[in-house]
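One letter stands for each residue in the lines below.
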Amino acid sequence: MTVVVRFAPSPTGYLHVGGLRTALYNYLFARKHHGRFILRIEDTDQSRYVEGAVENLMKSLRAMGLDWDAGPDKNDEKGPYFQSQRLSIYQKQITRLLETGKAYRCFCPHERLEALRKKQLTAGQAPGYDGVCRNLDPSEAEKRAHTESHVIRMRIPDEGSITFHDEIRGDVTVDFHRIDDQVLIKSDGFPTYHFANVVDDHLMGITHVIRGEEWLPSLPKHLLLYDSFGWEPPRFAHLPLLLNPDKSKLSKRQGDVAVEEYLAKGYLPQALNNFLALLGWNPGTDQEIFSMEELIDLFSLDRVNKAGAVFNVEKLNWMNQHYIQAMDETAYLKEAKKWISPHRLNERADIALLTVKNSLVRFDELPEKLKPFVSEPTELTEGEGAELMKNETTPHVLQSLRETLIQHPLEKPEDFFALMKTVQKETGVKGKNLWMSVRLALTGEIHGPELGIIAYYLGKEEIIRRVESALRKM
Ligand code: GLU
């Protein structure tokens, strides 16, 4: 049997990190079993249409390296599949359920249902349909359907229960009386999520439904639908919730949830994938860094946890820093250059970028980290730096540095140390008084990257300019 899985987002505007984790697990599972990973856009809720949402979603998935396949048949086009383009399929399928009495038309006005719902809630009951249209004469209902606004509901059996198996949760039993006569087709003729989802999963040959835990309560309805159609259901695996550090459901209020926001901050796709892979799945060892190939090799549903997983940004930061450090020079420089405007650094940009590499947690920190290289030193008016600059040896050091620079080469960072040796000899100043005054004149800061690197990056002309400017301020 070929494994066929799907990621079935509703286009709400952006790809949520929880959605990305679902997509990732589906992708890993498909690749591991040499199966297919289908992208299906569940866009039947016309009231929730968001301009550009689908493009955004595909862009984020692609940026994360989670490309989808054609499906369900080999000769099919590559998706994504849009439910809004499959309305005739749902129409055809609902007819089957109406004919067998597994579904019925309901003409109850919206106002009555609203009032019913309010009454149930005040009485502390679970809201649900009271069944007024359940026993309408079917041919009568067909006639009314031509002129009256209505929905189509599924008929849940009056008595009994359903037991189902979830690959992660095990066996779960739900009584029928707890399940509502779910609307399958809305008054605008569009299917509801539940109906379109089941029809598509079946027609697309989905073998494993891997999705968020929030859909577990819907599973009994879905299974009843399979049963009503006489279809064999796929296997189900409901992934644990993603949580905020305070254990509440991961929300926008406590941090970013859109994948695009993480990418825009300079998290690397492989770090984000690695991090999300471990949010709900464990490899059974304490290994934490996994390549995509390793994840594909190791991933299995029986190692998905039941308990919710806390989205810990510190952990993600640690991982991202690890991935940045592990990048080879060429890859790193290529990425880093995307994060700074081209005129910000001079022709010795590489050395500046490589110097800050190991301290970078995210690429969006680059402009800040590069400040010691690019900012003009500010005038020191108080504090340790100002005191040092007032030191009577400082002008001698700076003057000597200017002279020495004219005569010595500065072709690599080490040249600067030789140069400073000469300054030391000429002025008799050493240690902090020597080094600090130069650092302050060049950068305006007491601390920062190695002075030889800064000096090499600035180049002779710029050093002389800065030294002269410092001297003028004295
Ligand atoms: N459209 C649903 C969502 O956005 C899909 C749930 C499922 O995978 O069945 O989460």
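Structure: above.
Now for a look at the structure at hand.

Basis of the calculations
- Residues numbered from 1 in each chain as written.
- Predicted model: local features only at pLDDT ≥ 70, side-chain atom pairs only at ≥ 80, totals over all residues.
- Heavy atoms only, no water.
- Axes fitted to C-alpha atoms, helices over the stretch in contact; angles between N-to-C directions.
- Helix = DSSP H or I, 4+ residues; strand = E, 2+ residues; numbered from the N terminus.
- Parallel < 35°, antiparallel > 145°, perpendicular 65-115°, else oblique.
- Left-handed = near helix turned anticlockwise from the far one by under 90°.
- Contact = heavy atoms within 4.5 Å.
- Pairing = 2+ DSSP bridges.
- Core = buried A, V, L, I, M, F, W, Y, C linked by side-chain atoms within 4.5 Å.
- Buried < 20%, exposed > 50% of the residue type's maximum accessible area, 1.4 Å probe, protein only.

1. Here's the deal with the packing of helix α9 (residues 269–277) against helix α11 (residues 313–326)
Okay, step 1: At a minimum axis separation of 9 Å, α9 and α11 run at an interaxial angle of 135°. Between α9 and α11, the interaxial angle falls into the category oblique. Helix-helix and strand crossings are classified by hand; for α9 and α11 the assignment is right-handed. In this structure, α9 uses Q270, A271, L272, N274 and F275 to contact α11, whose residues at the interface are K315, L316, M319, N320 and Y323.

2. So, the sheet that holds strand β8 (residues 183–185)
In sheet architecture, strand pairing relies on hydrogen bonds along the backbone and comes in two forms, parallel and antiparallel.
Okay, step 1: With respect to topology, 3 strands assemble into an open sheet ordered β4-β5-β8, the strand pairing being antiparallel. Either end of the sheet is taken by a strand with one partner, and the two such strands are β4 (103–106) and β8. When strand polarity is set aside, the average angle formed by the axes of neighbouring strands in this sheet is 45°.
Okay, step 2: Bridging between strand β5 (residues 151–154) and β8 involves 2 bridges; their strand directions are antiparallel. If you follow R153 over to β8, its bridge partner there is V183.

3. A look at the nonpolar core
Okay, step 1: In terms of nonpolar packing, the biggest core is built from 102 residues, with Y332, L366, L401 and I463 touching the most fellow members.
Okay, step 2: The element contributing the most residues to this core is helix α20 (residues 451–472), with 11 residues.
Okay, step 3: Discounting chain neighbours no more than four positions away, the residues touching L401 are F416, L419, M420, V423, V438, I463 and V467.

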